Amino acid sequence: MSLRDRLPARPVVKYYLYMATNTMGLALPIWVVFLRAQGLSYTEIMVLDAIWWLGLTAGEIPTGFVGDRIGWRNSLVLGNALRAVAVVAMGLSSTFAVLAGVYLLWAVGTTLQSGSTDAWLYELLERRVGDETFEHVRGRGESVTLAVGAAAAVAGGYVGDVSLRWPFYATGALWAVGTLVLVTFPSISVDADDRVTPLEVLPLLRERVLGSDLRRFVLWVGILLGVAQAVGRFTQPVSVDLGVPVASLGWLYAGFTVLAALASARSEWIRDRVGLDGWFLLAPAVLGTLFVGAWVVPLVAIPGFVAIRAMRAVTRPLSKGYVNDRVATAGRATVLSGVSMAYSLIKLPFSVAGGVLADALSPTVAMTLLALALLGATLVFHRRGSPVRLRTGTEVGAD
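Not measured: the values here are computed from a predicted model. For every chain, the first residue of its written sequence is number 1, and the numbers climb from 1 along that sequence. Predicted model: local features are reported for residues with pLDDT of at least 70 only, side-chain atom pairs are reported and counted for 80 or more only, and whole-chain, interface and lining totals are derived from all residues. Side-chain metrics rest on all non-hydrogen atoms present in the structure, leaving aside hydrogens and water.

> With reference to specific residues and values, describe the overall build of the protein chain.
In this description a helix means any DSSP run of H or I spanning at least four residues, a strand means any run of E spanning at least two, and both kinds are numbered starting from the N terminus. The number of helices and strands found in the protein chain is 17 helices and zero strands. Using a 1.4 Å probe on the protein chains alone, a residue whose accessible area is under 20% of its type maximum counts as buried, one over 50% counts as exposed, and one in between counts as partly exposed. The 399 residues of the protein chain split such that 58% are buried. With an accessible surface of roughly 15,600 Å², the protein chain has 67% of that area assigned to carbon and sulfur atoms. Per-residue and other accessible areas follow the Shrake-Rupley method at a 1.4 Å probe size, with only the shown protein chains counted as cover for residues.

Written out as structure tokens, the structure is:
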């Protein structure tokens, strides 16, 4: 029997439908342009990112615990509804203070989803098919989001050329549709014995994350995603400086997104052929080299921005699958939220440093310095060996 025949068709189709609505494609191509139009500096934009990461950090554990208690589907519905409100509010905002509040609301909505989305999908597949299908479905779900995002990006560029606020309103409407889809998700019940109490949260995280081989893996993935996030924020200003009109940014982002979708769809193939350890060494080496090269030949930044999207599209399902394989059912959403919290903390300094460097020097110089930091970290970090470890039956949290 093929993998396709074994998958639970209706829930997986609903998951793909939700993922089709889960795109920022309409607003993403003009995001930084919009913030700059409100008079914000690069430092203020990156501070907003830092506020976002702090909101994620503060909310991850409580909302992961909420997800385990009220049910992962209910947590997804609530989180997506809050995100829809936040993105519309962003389109209505004009000042740094108001935007900071919007980012915090958005972060709360995101944390309600971060652990619950993957916990719901992993448990569904593990119970009905087998956990080896998670990367297959998660990777294709990511590719669906990216493919829809590519079409949305083209529209967003043109709509944003008329009004920079309208893409945010349209995104809110799309996410409202996604919330309705989430309501139809089957509920995955968690046995009372598999739930955690508030007093068990910190010991659980200390045992299954800080006290296991996941510690080095989470640290390294956080560094990789942190540098990629900071460098990716300069896509729009650097592209405009290279001669790309604002209306054409949507086409540029559509190209980025299509290639990222193809990469995400091949995440399982990459895991099998390149290996997790190979991927988490190759990805930072390629990214760092490209953006150091952009210092000499600025046009190299464009394939660099493509590489960022492709790297993130592959890294998400691979890293989530790796962590899920090492987490037991009990407190799954809580532990996954704890991992997301760690990623947020690690990303913070890269975001703020990128903004300060861009204002003091230029976005191009900031990208180059961040790339050099990534290459240096790769050399230092991998001297102790790969952060990826093969799973064993005695591993912490193994079922």
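The rest of the description comes next.
> An account of the packing of helix α2 (residues 9-21) against helix α7 (residues 134-162) is requested, with residue identities and associated values reported.
Two numbers describe a pair of packed helices, the interaxial angle and the distance between the axes. What counts as an axis is a line fitted to C-alpha atoms, over the stretch in contact for a helix, and the angles between N-to-C directions run from 0 to 180 degrees. Orientation of α2 relative to α7, taken along the N-to-C sense of each, is 35°, at an axis distance of 8 Å. The way α2 lies across α7 gives a crossing that is right-handed. When α2 is examined against α7, the residues Val12, Tyr15, Tyr16, Met19 and Ala20 are found in contact with a partner set consisting of Val137, Arg138, Arg140, Gly141, Glu142, Val144, Thr145 and Val148. The classification used treats Ala, Val, Leu, Ile, Met, Phe, Trp, Tyr, Cys and Pro as nonpolar, Asp, Glu, Lys and Arg as charged, and all other residues, Gly among them, as polar. Per-class residue counts for the contact of α2 with α7 are eight nonpolar, two polar and three charged. Helix crossings are classified by the rotation of the near helix relative to the far one: an anticlockwise turn of less than a right angle makes the crossing left-handed, while a clockwise turn makes it right-handed. Contacts are assigned to residue pairs with any non-hydrogen atoms lying within 4.5 Å of each other.

> Run through the nonpolar core, naming residues and quoting values.
With 57 residues, the main nonpolar core has Phe280, Leu287 and Phe305 as its most contacted residues. Of all elements in the fold, only α4 (42-70), α7, α10 (214-232), α12 (249-265), α14 (276-296), α15 (301-324), α16 (332-360) and α17 (363-381) reach the threshold of two or more residues within this core. It is α10 that provides the largest number of residues to this core, a total of 12 residues. Setting aside chain neighbours within four positions, we find Phe280 in contact with Phe217, Trp220, Val221, Leu224, Thr315, Ser319, His382 and Val388. Residues grouped as a nonpolar core are buried Ala, Val, Leu, Ile, Met, Phe, Trp, Tyr and Cys residues, joined through side-chain atoms within 4.5 Å. The next biggest cluster of nonpolar side chains, apart from the first, holds 28 residues, and it includes Leu35, Ala50, Trp53 and Ala86.

> Let's hear about α10: which residues, and what values?
Along an α-helix, a turn takes 3.6 residues, which lines up residues three or four apart on a common side. An ideal rise of 1.5 Å per residue puts 27 Å on 19 residues; α10 measures up with 26 Å between its terminal C-alpha atoms. Of all 19 residues making up α10, 17 are buried, and the element is well covered by its neighbours. Expected helix span is computed as 1.5 Å times (number of residues minus one).

> Go over the confidence of the model for the protein chain with me, naming the residues and quoting the values.
Within a predicted model, pLDDT stands for the predictor's per-residue confidence, ranging from 0 to 100. When pLDDT is averaged along the protein chain, the result is 81; 82% of the residues meet or exceed 70. The least confident element of the protein chain, judged by mean pLDDT, is helix α1 (residues 3-6) at 47; the most confident is helix α8 (residues 166-183) at 94. Considering only residues more than four positions removed or in separate chains, one finds that residues 1-6, a stretch of pLDDT under 50, has five contacts.

> Could you give an account of the environment of Ala27, naming the residues involved and the relevant values?
Within the fold, Ala27 resides in the loop between α2 and α3 (31-37). For Ala27, a relative accessible area of 0% puts it in the buried group. The sequence separation of Ala27 and Tyr169 amounts to 142 residues, and the corresponding C-alpha distance is 8.9 Å. With residues up to four places along the chain from it excluded, the contact list for Ala27 reads Pro167, Phe168 and Thr171.

> How would you sum up the pattern of salt bridges? Please name residues and give values.
Here, a salt bridge means any side-chain nitrogen of Lys or Arg that lies within 4 Å of a carboxyl oxygen of Asp or Glu. Applying the stated criterion across every chain yields a total of two salt bridges. Here Arg233 ties to Asp49 by a salt bridge, and the two come within 2.9 Å at their closest N and O atoms. Placement of the pair is Arg233 in the loop between α10 and α11 (235-241) and Asp49 in helix α4, with a sequence separation of 184 residues. Of the two residues, Arg233 and Asp49, both sit in the buried class. Here Arg271 ties to Asp272 by a salt bridge, and the two come within 3.2 Å at their closest N and O atoms. Overall, the relative accessible area of 48% leaves Asp272 in the partly exposed class.

> For empty space enclosed by the protein, give the residues involved together with the corresponding values.
Gaps left between atoms are located by rolling a probe of water-molecule size over the structure's atoms. Two kinds of site are reported from a 1 Å grid over the protein atoms alone, namely cavities, where a 1.4 Å probe fits but cannot get out, and pockets, open sets with protein on both sides within 12 Å along at least five of seven lines, and residues are called lining when an atom falls within 4 Å of a point. Grid points are joined across faces, edges and corners, and a volume is the space filled by probe spheres set on the points. Under the defined criterion, the tally for this structure stands at two cavities of 30 Å³ or more. The computed volume of the second largest cavity comes to approximately 40 Å³. Forming the boundary of the second largest cavity are Val227, Ala228, Val231, Leu287, Gly288, Phe291, Ile308, Ala371 and Leu374. Among the secondary structure elements, those contributing two or more residues to the lining of the second largest cavity are α10, α14 and α17. Residue composition of the lining of the second largest cavity, by class: eight nonpolar, one polar and no charged.

> Lay out a nonpolar patch on the surface in plain terms, naming residues and giving numbers.
Like-charged residues within 9 Å of one another, or nonpolar side chains (Val, Leu, Ile, Met, Phe, Trp, Tyr) within 5 Å, are grouped into patches, provided each residue has over 30% relative accessible area and no salt bridge. The grouping of Leu242, Trp295, Val296, Val297 and Leu299 at the surface amounts to a nonpolar patch, some 510 Å² of accessible area in total. Judged by relative accessible area, Val296 falls into the exposed class, the value being 66%.

> Lay out the packing of aromatic side chains with the relevant residues and their values.
Here is the rule: rings of Phe, Tyr and Trp (six-membered ring for Trp) pair when centre to centre is within 6.5 Å. Planes less than 30 degrees apart are stacked, more than 60 are edge-to-face, and the remainder are tilted. Within the structure shown, the criterion is met by 13 aromatic pairs. Pairing Phe34 with Phe168 gives two aromatic rings, centres 4.8 Å apart and planes at 50°, and the pair type is tilted. Separated by 134 residues along the polypeptide, Phe34 in helix α3 and Phe168 in helix α8 bring together distant segments of the chain. Neither residue differs from the other here; Phe34 and Phe168 are each classed as buried. Counted as over-ring charges are cases with an Arg CZ or a Lys NZ within 6 Å of the ring centre that also lie within 35 degrees of the ring normal. Its end group placed over the ring of Tyr42, Arg36 keeps NZ or CZ at 4.1 Å from the ring centre.

> An account of the packing of α10 against α14 is needed here, citing residue identities and associated values.
The interhelical angle for the contact between α10 and α14, taken along N-to-C directions, is 25°, at an axis separation of 11 Å. In this view, α10 runs roughly parallel relative to α14, as classed from their interaxial angle. Crossing of α10 over α14 shows left-handed handedness. Judged by residue contacts, Phe217, Trp220, Val221, Leu224, Ala228 and Val231 of α10 engage Phe280, Ala283, Pro284, Leu287 and Phe291 from α14. Looking at side-chain class alone, the contact of α10 with α14 contains 11 nonpolar, no polar and no charged residues. What sets the label is the angle itself: under 35 degrees gives roughly parallel, over 145 gives roughly antiparallel, 65 to 115 gives roughly perpendicular, and the rest give oblique.

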